[in-house]
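Architecture at a glance
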Amino acid sequence: MALYVTALQEGFLYGLLALGVYISLRVLNIPDLTTEGSFGFGAAVAAILAAAGHPFVSIPAAFLAGGCAGLVTGLLQTKLKIHPVLSGIVTMNGLYTVNLMAMGTTNLSIGTGNSLFKLLYGLFTLDPLQKKIVGAAASAVIAALVLLAVILFFKTHMGMCIRATGDNPAMVRASSINADAMKLMGLSLSNALVALSGALIVHYSGYSDINASAGTL
């Protein structure tokens, strides 16, 4: 039973990663390899801040960090006209070095007292199985709220412009919409969600590893 609950919790947390990849690959129609780096970037930012005693700040900070990573990839594509795949590879490899320099080590523990899930468990008197169930329920709520926010966003004017850019960039430009700006916004959102997933995984596992993002895409 405990194994299934653990798998369920990890599934919800990694689901945000899948949602980010979906935005870049299906909505924008861009094969973005930045995912391989932004997941680890979000994990590194979250681990550094959480280890410093700022677990709540680490989540929005990781989200913004992932957005910046996606912005860099988008600028490489739109301003320097580099191929989307190569742009993602450049950013991905750059982030590996940035993560290593920021953490100062290949593996950084945040400590048991700085994990959001551990803080949640501390609010109740729970046995090990109950802790896993509470963790899975909290992860499900987080995933559902993020999914709802993304759905609502893509129903706004900007969200529909991003969707239209992925479907037909030429038509979007003919409609006087800045297609490059929409790509930047979409890639930033995509990688922000990926980084958010990395941050939550850090709080779940209690540490960040430099190779955590390898194979995420």
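Residues numbered from 1 in each chain as written. Predicted model: local features only at pLDDT ≥ 70, side-chain atom pairs only at ≥ 80, totals over all residues. Heavy atoms only, no water.

**Looking at the overall build of the protein**
Helices and strands together make up the secondary structure of the protein, namely nine helices and two strands. In sequence order, the protein lays out its α and β elements as α-α-α-α-β-α-α-α-α-α-β. Over its C-alpha atoms the protein spans a radius of gyration of 18 Å, differing by no more than 12% from the 17 Å that the globule rule assigns to 217 residues. Summarising its shape, the C-alpha atoms of the protein cover approximately 60 × 35 × 25 Å along the three principal directions. Split into buried and exposed, the 217 residues of the protein put 46% on the buried side. The contacts of the protein with a sequence gap of at least 6 include a subset with a gap of at least 24, amounting to 79%. Accessible surface for the protein amounts to roughly 10,400 Å². Of this, 70% is attributable to carbon and sulfur atoms. A distance of 8 Å separates the average location of the 10 positive side-chain charges in the protein from that of its 7 negative side-chain charges. (Helix = DSSP H or I, 4+ residues; strand = E, 2+ residues; numbered from the N terminus. Rg over C-alpha atoms; globule rule 2.2 N^0.38 Å. Buried < 20%, exposed > 50% of the residue type's maximum accessible area, 1.4 Å probe, protein only. Contact = heavy atoms within 4.5 Å. Areas by Shrake-Rupley, 256 points an atom, 1.4 Å probe, with all protein chains shown as cover. Lys, Arg positive; Asp, Glu negative; His and termini not counted. Charge placed at Lys NZ, Arg CZ, Asp CG, Glu CD.)

**Side note on the nonpolar core**
Within the largest apolar cluster, 32 residues are counted, with the highest numbers of intra-cluster contacts made by V146, V150, F154 and L193. Only helix 1 (2-27), helix 2 (35-51), helix 3 (55-78), helix 5 (116-121), helix 6 (128-153), helix 7 (157-167) and helix 9 (179-205) provide two or more residues apiece to this core. If one sorts the elements of this core by residue count, helix 9 sits on top with nine residues. Sequence-distant contacts of F154, defined by excluding residues within four places in its chain, comprise I23, V27, G159, M160, I162, R163 and L189. In this structure, A43, A44, M103 and I110 belong to the second largest nonpolar core, which totals nine residues. (Core = buried A, V, L, I, M, F, W, Y, C linked by side-chain atoms within 4.5 Å.)

**Quick look at helix 9**
Between the first and last C-alpha of helix 9 there are 39 Å, a value that for 27 residues agrees with the 39 Å anticipated at 1.5 Å per step. Sitting at the head of helix 9, N178 places a side-chain oxygen 3.1 Å from the backbone nitrogen of D180. In the stretch just after helix 9, G206 is the one whose phi turns positive, near 95°. (Expected span 1.5 Å × (residues − 1). Polar contact = N/O pair within 3.5 Å; in protein donor to acceptor, adjacent residues only side chain to side chain.)

**Digging into unusual backbone geometry**
Despite not being glycine, N29 shows a phi value in the positive range, around 60°. Note on placement: N29 falls in the loop between helix 1 and helix 2. Assessed through its relative accessible area of 56%, N29 is described here as exposed. Unlike most non-glycine residues, S176 shows phi in positive territory, near 65°. Note that S176 resides in the loop between helix 8 (169-174) and helix 9.

**Side note on helix 2**
Taking 1.5 Å of rise per residue, the 17 residues of helix 2 would be expected to cover 24 Å, and the 24 Å separating its terminal C-alpha atoms lies within 8% of that figure. Across the 17 residues that make up helix 2, a large majority, 14, are buried. Positive backbone phi, approximately 95°, marks G53, located one or two places after helix 2.

**Some words on the pattern of salt bridges**
Applying the stated criterion to the full structure yields one salt bridge. Residue D180 pairs with R173 through a salt bridge whose shortest N-O separation is 3.8 Å. (Salt bridge = Lys/Arg side-chain N within 4 Å of Asp/Glu carboxyl O.)

**With respect to the environment of L116**
Position of L116 relative to the elements: it lies in helix 5. Those residues within four positions of L116 in sequence are excluded, and the remaining contacts are P55, F56, I59 and H203.

**Considerations on the packing of helix 3 against helix 4 (residues 84-103)**
Between helix 3 and helix 4, the least distance of the axes is 9 Å, while the angle of their chain directions is 140°. Of the possible angle classes, the one that applies to helix 3 and helix 4 is oblique. In this structure, helix 3 meets helix 4 at a crossing whose hand is right-handed. Facing A69, V72, T73, L76 and Q77 of helix 3, the residues of helix 4 in contact are P84, S87, G88, V90, T91 and L95. Looking at the contact of helix 3 with helix 4, its residues break down into six nonpolar, five polar and no charged. (Axes fitted to C-alpha atoms, helices over the stretch in contact; angles between N-to-C directions. Parallel < 35°, antiparallel > 145°, perpendicular 65-115°, else oblique. Left-handed = near helix turned anticlockwise from the far one by under 90°. Nonpolar A, V, L, I, M, F, W, Y, C, P; charged D, E, K, R; others polar.)

**Structural notes on the packing of aromatic side chains**
This structure, assessed with the given rule, holds three aromatic pairs. Ring centres 5.3 Å apart and planes at 70° place the aromatic pair F153 and F154 in the edge-to-face group. Classification of F153 as partly exposed rests on a relative accessible area of 22%. Take F154: its relative accessible area is 9%, and that puts it in the buried class. (Phe/Tyr/Trp six-rings, centres within 6.5 Å; stacked < 30°, edge-to-face > 60°.)

**A look at the environment of L16**
Note on placement: L16 falls in helix 1. Sequence separation between L16 and A143 is 127 residues; the distance between their C-alpha atoms is 6.6 Å. Residues within four places of L16 in sequence aside, it is in contact with A143, V146, L193, V194, L196, S197 and L200.

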